[in-house]
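Chain by chain, the residues run as shown.
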Amino acid sequence: MLWTIDPTHAIVEFSVKHMAISTVKGAFRSFTATGETDAEGVPKRLTMEIDANSISTHNEQRDGHLRSPDFFDVAKHPTLAFTSTQVTANADNLTVVGDLTIRGITKPVTLTGELSRVVTDPWGNQRTSIAVRGKISRKDWGLTWNQAREFGGVLVSDEVKLEAEAQAVAVVEELVAVWP
């Protein structure tokens, strides 16, 4: 079965340590995703494309810096992408291994989480949801900008925590007659 993300019931978030004392959280506001499950509802494939310009940390100055060549360089690299290479699921756990592309650099990542059962919404659509999380080293994708602090730390941690949660709606394949 094919699935597409319901963007009104989805979020893609990240968090990093700031000055080694607090956590700054952000999100991407514009993204698309699709997936495919087997007959039993076990995921086989997941893909996501994120509009890098849609980054929001609730601070316009910081968001502008994140869009700049110091970080995502959205003028040259307008999208981030994820494509699964292996999906393993059972009743309690979900593991998604895939390729994450940021700034034109593709590296493998592992995300873990949960997959809900399939339900029928009040309008007759089949829905499911997925929640995954993981950690990456931003240096692996060329995101190396930083400032040393006088107390011995750095302004932005290397470790970035990722989280995504989304409802997905089954794609109804319509038969289209082709007339000669």
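Since this is a predicted model, take the numbers as computed values, not measurements.

A. Unusual backbone geometry, seen in detail. The phi dihedral of H58 falls on the positive side, at around 65 degrees, and the residue is not glycine. You can see H58 is positioned in the loop between β5 (55–56) and α1 (60–67). Of note in the backbone geometry, D73 takes a positive phi value of approximately 50 degrees without being a glycine. With respect to the helices, strands and loops of the structure, D73 is situated in the loop between α1 and β6 (79–89). On the accessibility criterion, D73 (9% relative accessible area) is buried.

B. Just a positive patch on the surface, in detail. A contiguous patch of positive charge on the surface is contributed by K17, K25, K135 and K161. With respect to the helices and strands, the residue K135 is situated in strand β10 (residues 126–137). Residue class for K135 comes out exposed when judged on its relative accessible area of 54%.

C. The pattern of salt bridges, seen in detail. A full pass over the atoms with the stated rule returns six salt bridges. Across the pair R127 and D6 runs a salt bridge, and its minimum N-O distance is 2.9 Å. Of this pair, R127 sits in strand β10 while D6 sits in strand β1 (residues 2–18); the two residues are 121 residues apart in sequence, bridging distant segments of the chain. This pair shows no difference in class: R127 is buried, exactly as D6 is.

Basis of the calculations
Residues numbered from 1 in each chain as written. Predicted model: local features only at pLDDT ≥ 70, side-chain atom pairs only at ≥ 80, totals over all residues. Heavy atoms only, no water. Helix = DSSP H or I, 4+ residues; strand = E, 2+ residues; numbered from the N terminus. Buried < 20%, exposed > 50% of the residue type's maximum accessible area, 1.4 Å probe, protein only. Patch = residues over 30% accessible without salt bridge, like charges linked within 9 Å, V, L, I, M, F, W, Y side chains within 5 Å. Areas by Shrake-Rupley, 256 points an atom, 1.4 Å probe, with all protein chains shown as cover. Salt bridge = Lys/Arg side-chain N within 4 Å of Asp/Glu carboxyl O. Lys, Arg positive; Asp, Glu negative; His and termini not counted. Charge placed at Lys NZ, Arg CZ, Asp CG, Glu CD.

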